[in-house]
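# Geometric and topological summary
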Amino acid sequence: MAQAGTVFLRGAQGDWLQFTDCSITIDIRRRLTREVKRGGEGDDLVDEGSESAVYTLTGHLNLTSYREVMDIFRSGQAYLLDPFTEQEVKVAFGRLRYEGDDGAFVFELLEDVV
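Read on for a plain summary of the structure. Remember, predicted model here, so these are calculated numbers, not experimental data.

With that settled, consider the nonpolar core. Core analysis: the largest hydrophobic core is formed by 20 residues, its most contacted members being Leu9, Phe19, Tyr55, Phe107 and Leu109. Listing elements by their share of this core, those giving two or more residues are β1 (3-11), β2 (17-36), β3 (43-60), α1 (63-75), β4 (78-81), β5 (88-98) and β6 (104-111). The residues contacting Phe19, other than those within four sequence positions of it, are Gly5, Thr6, Val7, Leu9, Leu61, Val69, Phe105 and Phe107.

Structure below.
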């Protein structure tokens with residue numbers, strides 16, 4: 001489910017950057033394995049009990065803000081203030097896309113479970 005609004009992102013040692021009028025989508029998945037037993041009937045689905053989240057942010061940035069985001073991207077570590085739970089989440093950039101013509105961006109942030 002995507003919501004328009006305000007999102008906060010920062011590097012490991014930096015200040016929070018505020019993104020207004022952006023959209024955020026979260027995709028949470030459970031880690032499941034399937035065991036196929038030879039000579040048995042069917043298979044067993046095993047819930048390993050862990051989950052992972054992917055946050056996708058879309059919106060528009062000016063060039064100055066883009067440069068600030070690139071500093072975080074290159075630092076390798078970022079934190080997101082999850083607007084749904086209002087908790088700080090350790091994340092890593094999986095993908096960053098920026099269109100210079102109109103400032104449109106897409107960030108894919110992968111939750112780094114601590």
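The next thing to look at is the pattern of salt bridges. Overall, the coordinates contain three salt bridges when judged by the stated rule. Note that Arg10 is salt-bridged to Glu88, the shortest N-O span being 2.7 Å. Residue Arg10 is located in strand β1, and its partner Glu88 is located in strand β5; the two are separated by 78 residues in the primary sequence. Residue Arg10 is classed as buried on the basis of its relative accessible area of 13%. Glu88 gets classed as partly exposed once you look at its relative accessible area, which sits at 43%. With a closest N to O distance of 3.3 Å, Asp27 and Arg29 form a salt bridge.

Cut-offs applied
- Residues numbered from 1 in each chain as written.
- Predicted model: local features only at pLDDT ≥ 70, side-chain atom pairs only at ≥ 80, totals over all residues.
- Heavy atoms only, no water.
- Core = buried A, V, L, I, M, F, W, Y, C linked by side-chain atoms within 4.5 Å.
- Buried < 20%, exposed > 50% of the residue type's maximum accessible area, 1.4 Å probe, protein only.
- Helix = DSSP H or I, 4+ residues; strand = E, 2+ residues; numbered from the N terminus.
- Contact = heavy atoms within 4.5 Å.
- Salt bridge = Lys/Arg side-chain N within 4 Å of Asp/Glu carboxyl O.

Spatial relationships are all this shows, so hold off on functional conclusions.
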